[in-house]
Structure formats: structure tokens, C-alpha cells
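Reading the structure
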Amino acid sequence: MNRIALLFALLCINLCISTSLVYAEAAQQTVLITGANRGIGFEFVKQYSDLGYRVIATCRNPAMADELNTFAESHRGVIVEHLDLVDLEGIDALADKYADQPIDVLVNNAALMRGPDKGQTFGTMDYEWFDQWFHTNTRGPLKVSEAFWPNLVASENGIVASLTTGQGRYGIPVLGFAYYKSSKAAIDNLFLDVARKGKKDGVRVITISPGRVATSGEPAGPRMIPIQDSIAGMIRVFARFTLEQNGRSFRHDGSEVTF
Ligand SMILES: NC(=O)c1ccc[n+]([C@@H]2O[C@H](COP(=O)([O-])OP(=O)(O)OC[C@H]3O[C@@H](n4cnc5c(N)ncnc54)[C@H](OP(=O)(O)O)[C@@H]3O)[C@@H](O)[C@H]2O)c1
């Protein structure tokens with residue numbers, strides 16, 4: 001091969017590499033997940049990372065998030081960020097850091113479910129815990145969605161997905177769990193308003209039930225769903241969900257929750 005032909009071949013290779021890099025960058029989607037250090041949140045991190053997303057994996061205590069940090073070290077697109085749902089200023093500060101960057105998927109996953117007052121029954125209510133649950137489970141996801149709304153609007157097909165439960169608005173009769181059930185029922189209701197705004201702004205808004213999944217080290221019961229199946233199912237539901245469906249609620253298996 002003479003020198004001109006060699007130069008031409010090198011130029012072509014260079015062009016191909018830079019074009020594919022630009023394409024890969026342009027095509028990369030971003031997901032932000034709350035409560036990403038364990039349980040359902042961490043499984044979302046792993047699966048979205050496998051799908052090639054840039055993952056903003058947030059948690060309230062990054063220094064203690066050993067598994068997540070180890071995962072992020074070996075997966076280039078995973079960024080660990082501090083985000084505590086009860087810290088309104090902290091939420092705004094993180095949103096400022098990512099200002100002008102589109103976010104394609106926001107997963108409002110983090111929540112309090114158990115805690116020291118396991119009973120949560122009428123007659124023995126602990127109102128400090130009640131406030132803590134509502135600040136975390138209800139006010140938190142609402143504030144995160146508001147703070148990152150411009151990022152979702154900037155996406156071509158953004159979606160806010162908020163994790164809910166069959167114990168919430170549509171009242172599976174589970175005794176106790178008063179703070180938990182009512183904070184999730186409030187999420188179901190509040191995100192109907194968010195969905196209306198989403199229809200105007202081109203942001204998809206869904207509430208989703210993961211099914212019963214063993215997290216926090218509890219043994220998997222017979223009617224529980226493997227965590228991988230639940231999260232893979234929810235990701236499929238998000239991908240199929242349309243703007244026209246805004247405000248509707250689904251389960252991980254794609255079935256719709258009717259009220
Ligand atoms: N598992 C189920 O069967 C089931 C069923 C229906 C709905 N859900 C919903 O699915 C979501 C995840 O459930 P899970 O089973 O994975 O729960 P989990 O194992 O108890 O994990 C909860 C996550 O939320 C985080 N979190 C709690 N308070 C926070 C705060 N103030 N700021 C930021 N993060 C906070 C926790 O962080 P720390 O590690 O710092 O505590 C943890 O990462 C929840 O919304 C839950 O209601 C779960």
C-alpha cells in the first residue's frame with residue numbers, strides 16, 4: 001500500500017471511531033434513582049447500567065453504600081450522589097449540579113417501609129414517626145420530581161416513575177402499616193396532578209407497584225417475586241408507557257391497577 005492509500009485508510013478508521021463515539025454519546029440515556037444503595041433501587045442501578053444508561057445513583061449515605069460504590073467503580077456510567085429525601089435544600093443543590101442535563105428516567109424509589117414502630121396501628125400512633133414517613137415517602141418524591149422537572153422536560157421522552165404499593169390507594173386490607181399505607185396513597189393521589197402537568201410538558205408520569213419482593217435481608221416468601229424479574233418488568237412497563245396514559249398505575253407485570 002502506498003503512503004497516500006495508507007493515510008486515506010487511517011483517516012477512514014479515525015472517522016469511523018469518532019462517528020461511533022458521537023453516536024454512542026448522543027444515544028446514551030440518563031436515569032436518576034433514589035435509594036439506590038440497596039434493595040429495589042440497587043437492582044434498578046444494575047439493570048439500567050446493563051442497558052447502557054448513564055446512572056445517577058443517589059442515596060442518603062454514600063460513605064456506607066459499599067455494594068453500590070464497588071459496583072460504580074467497575075461500571076463507568078454509574079455516578080454515586082448524596083440525596084436525602086427529607087433535605088429539601090440538598091435536593092435543590094443536586095438539581096442545580098445537573099441543571100441543563102436531560103434526565104430520561106427518574107425513579108422515585110426510596111421510602112421508609114418498616115422501622116422501629118412496626119405496628120403503626122390506630123391507638124398507638126407515634127406522630128414523630130408519622131411525620132418522618134410523610135416527609136420521606138410523600139413530600140420527598142414530590143420535591144425530587146419538582147426539582148428535576150426541567151431535566152425531564154429537556155428529555156425527548158422523559159418519565160417519572162414513583163414506586164407505590166397495593167397497600168395504598170386501592171386498599172389491600174393489611175392491618176397496621178398506617179404511616180406506610182397512607183404515605184403511598186398520598187403519592188398515588190399527588191402524582192395525578194404531576195401527570196396532568198406532564199401531559200402539558202411532555203413528561204410521562206406513572207405510579208408502579210413492584211409486587212412483593214424480598215429486600216432488606218428478609219427471606220423470600222412463597223408468593224414473592226424474584227427481584228430481577230420485578231425490576232426487569234418495571235423497566236419494560238416504563239418503556240411501553242405513553243404520554244396519553246399519564247396518571248395511570250401499573251404493576252411490574254404490565255397489568256393495570258384500576259380504582
Ligand atoms: N419490597 C417490596 O415488596 C415492595 C412492595 C411494594 C412497594 N415497594 C416500594 O419499593 C420501594 C423500594 O422498596 P425496597 O423493598 O427496596 O425498600 P428497602 O430495601 O427498605 O430500601 C429503601 C431505600 O430507601 C432509602 N431511604 C429511606 N429513607 C431515605 C431518605 N430519607 N432519603 C433517601 N433515601 C432513603 C433507603 O436508604 P438507607 O439504606 O440509607 O436506609 C434504601 O435505599 C419503596 O418505595 C417501597 O415502598 C416495595
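Here is a short report on the structure shown in this document. (Residues numbered from 1 in each chain as written. Predicted model: local features only at pLDDT ≥ 70, side-chain atom pairs only at ≥ 80, totals over all residues.)

1. Re the site of the ligand
The environment of the ligand is made up of 27 residues, and the closest members are G35, G39, A110, A111 and T215. Taken together, the residues of the shell around the ligand break down into 11 nonpolar, 12 polar and four charged. (Near = placed C-beta within 6 Å. Nonpolar A, V, L, I, M, F, W, Y, C, P; charged D, E, K, R; others polar.)

2. Observations concerning the environment of A186
Relative to the helices and strands, A186 is located in helix α7 (residues 178-201). Judged by the 18 C-beta atoms lying within 10 Å of it, A186 is partly exposed. (Helix = DSSP H or I, 4+ residues; strand = E, 2+ residues; numbered from the N terminus. Buried ≥ 20, exposed ≤ 12 C-beta atoms within 10 Å, placed from the backbone.)

3. Thoughts on the pairing of strand β4 (residues 105-108)
Of the two faces of β4, the one holding V105 and V107 and the one holding L106 and N108 are both buried throughout. Bridge analysis of strand β1 (residues 30-33) against β4 gives three bridges, and the strand direction is parallel. Note that in β4 the partner of I33 across the bridge is V107. (Pairing = 2+ DSSP bridges.)

4. Quick notes on the sheet that holds β4
Remark on secondary structure: sheet strands pair via backbone hydrogen bonds, oriented parallel or antiparallel. Strand order across the open sheet formed by eight strands is β3-β2-β1-β4-β5-β6-β7-β8, with mixed pairing between neighbours. Unpaired on one side and paired on the other, β3 (78-82) and β8 (256-257) mark the two borders of the sheet. In this sheet, strand β5 (residues 159-163) lies alongside β4 in parallel orientation, the contact comprising four bridges. Bridge pairing in β5 links L106 to V160. Sitting on the sheet, helix α3 (residues 66-74) touches β2 (54-59) and β3, and the angle it makes with β3 is about 145°. Here helix α5 (residues 127-147) sits on the sheet in contact with β4 and β5, set at roughly 165° to β4. (Contact = placed C-beta atoms within 7 Å. Axes fitted to C-alpha atoms, helices over the stretch in contact; angles between N-to-C directions.)

5. Focus: the environment of T34
The topology assignment puts T34 in the loop between β1 and α2 (39-50). Linking T34 and N109, residues 75 residues apart in sequence, is a C-alpha distance of 5.4 Å. Beyond its immediate chain neighbours, meaning those up to four positions away, T34 contacts G41, T58, L83, L85, V107, N108, N109, A110 and V144.

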